[in-house]
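Observations on the model geometry
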Amino acid sequence: MPSKTEKPEDWLDDYGDMLYCYALLRVRSEATAEDLVQETLLAGFQGFEKFSGKSSVRTWLMGILKHKIIDFFRKNRHEQTLLKESDLGEDLLAHQFDQRGHWSIELLEWKTPDQHLSNKQFQQIFQQCLSRLPQRMLDLFMLRTIDGVSSEDCCDILGFDSNNQLWVTLSRTRMRLRQCLEIKWFSNS
Amino acid sequence: MLSCKQTIELGSKNLDTVLAWHQRLEMKLHLMVCHNCRRYIKHLRFLQKVIVSIDKQDSNIHLSEQARERIRKKIFSK
Ligand SMILES: [Zn+2]
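Residues numbered from 1 in each chain as written. Chains lettered and ligands numbered in written order. Predicted model: local features only at pLDDT ≥ 70, side-chain atom pairs only at ≥ 80, totals over all residues. Heavy atoms only, no water.

**Brief notes about the nonpolar core**
The tendency in soluble globular proteins is for nonpolar side chains to be buried as a group. Of all hydrophobic cores here, the largest spans 83 residues; its most connected members are Leu19(A), Leu41(A), Leu61(A), Trp103(A), Phe126(A) and Leu181(A). Looking at this core, the element that brings in the most residues is helix H1 (residues 8–27) of chain A, giving ten residues. Each of domain 1 (8–78) and domain 2 (81–186) of chain A contributes no fewer than three residues to this core. Setting aside residues up to four positions removed in sequence, Phe126(A) forms contacts with Leu177(A), Leu181(A), Leu47(B), Val50(B), Ile51(B) and Ile54(B). (Core = buried A, V, L, I, M, F, W, Y, C linked by side-chain atoms within 4.5 Å. Buried < 20%, exposed > 50% of the residue type's maximum accessible area, 1.4 Å probe, protein only. Helix = DSSP H or I, 4+ residues; strand = E, 2+ residues; numbered from the N terminus. Domains from an automatic or database assignment. Contact = heavy atoms within 4.5 Å.)

**Side note on the environment of Leu61(A)**
All names here are of chain A. Mapped onto the elements of the fold, Leu 61 is located in helix H3 (residues 57–75). Linking Leu 61 and Asp 14, residues 47 residues apart in sequence, is a C-alpha distance of 11 Å. With residues up to four places along the chain from it excluded, the contact list for Leu 61 reads Trp 11, Tyr 15, Leu 19, Thr 40, Leu 41 and Gly 44.

**Thoughts on the state of the cysteines**
Two cysteines whose sulfur atoms are joined by a covalent bond form what is called a disulfide. Residue and element names in this part refer to chain A. Tallied over the full model, the rule gives one disulfide over all chains. There is a disulfide in this structure between Cys 129 and Cys 180, and the S-S distance comes to 2.1 Å. Taking the torsion about the S-S bond as the criterion, the Cys 129 to Cys 180 disulfide, at about -80°, is left-handed. Of the two residues, Cys 129 sits in helix H5 (residues 120–131) while Cys 180 sits in helix H8 (residues 163–186), which places them 51 residues apart along the sequence. Grouping residues by exposure puts Cys 129 and Cys 180 together as buried. (Disulfide = S-S within 2.5 Å.)

**Quick notes on the domain arrangement of chain A**
Residue and element names in this part refer to chain A. For chain A, the domain assignment lists domain 1 (8–78) and domain 2 (81–186). At the interface, eight residues of domain 1 touch 18 residues of domain 2. When domain 1 packs against domain 2, the two sides together hide about 1200 Å² of surface, and 51% of this comes from carbon and sulfur. At the boundary of domain 1 with domain 2, the tally comes to two salt bridges. Residue Asp 156 pairs with Arg 74 through a salt bridge whose shortest N-O separation is 3.2 Å. At the surface where domain 1 touches domain 2, the tally comes to four residue pairs in polar contact (both at pLDDT 80 or more). (Buried area = accessible area lost by both parts, 1.4 Å probe. Salt bridge = Lys/Arg side-chain N within 4 Å of Asp/Glu carboxyl O. Polar contact = N/O pair within 3.5 Å; in protein donor to acceptor, adjacent residues only side chain to side chain.)

**Regarding the environment of Leu15(B)**
All names here are of chain B. Along the chain, Leu 15 falls in helix H1 (residues 4–16). Overall, Leu 15 belongs to the partly exposed group, its relative accessible area being 31%. For the pair formed by Leu 15 and Ser 77, sequence separation is 62 residues and the distance between their alpha carbons is 46 Å.

**Observations regarding the coordination of the zinc ion**
Residue and element names in this part refer to chain B. Every protein donor of the zinc ion is listed here as Cys 4 (SG), His 30 (NE2), Cys 34 (SG) and Cys 37 (SG), and their distances to the metal cover 2.0 to 2.4 Å. What the four donor atoms of the zinc ion show is an angle range of 103 to 114° at the metal, which sorts the shape as tetrahedral. Sequence spacing of the donors to the zinc ion: C-x25-H-x3-C-x2-C. By relative accessible area, which is 0% here, Cys 37 ends up buried. (Donors = N, O, S within 2.8 Å, 3.2 Å for Na, K, Ca; no water. Tetrahedral: all angles 85-135°; square planar, octahedral: opposite > 155°, others 65-115°.)

What follows is the structure, encoded as structure tokens:
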């Protein structure tokens, strides 16, 4: 039996903010994030009898929330706006490469980048760069890179036609983020 | 020989899946002679680190009191 030292009635106070933050970063709507927290806690209450206690309640609730988020994307995939050519950064490609596909710009050397990770200003700049991405690009990037959702599931959830389309989109997402950081941070620091 | 554009696309794909051996080889050969692409690949690795660290940050985002009350009502009324 699980240790029931944690009382479900405390979960909202103990884990509410954590769940909310996690959801908000992904769905980017306060109302939706709130709904997801509520659904997660309810599912937690209902499933608590079956909770094995092998992981912490925290980890277990996070697992439930991740499923809820994936369900949310799947249900809403038809409402997502498709990416346009311009979203994929064709203009950025043309700016960076010549006709033979070789660099036409010189990339900066990012000196000791790790020291910026804990810098609040840097984090803000990065958030800005993220917020400039089209929604679907950001969704994909978060699901695949942080949450480790498989390529097949990403295609299914977000409605991409093929793995190839997915990889190209991820590549262009990184290109846009890289460019944004280089201009807004590394060329000034 | 791969172009730079092809190389960085493979470099990104390499973060998402396992490349075929000939793709890895072609990429390596290109990177040996192209410092711009080497830089780009380094930048991509750093981006991965940033995104993971952003996710782990203690953030200032909290449920508002009103939202907390709404949730409380809904989950305890069932
Ligand atoms: Zn190159």
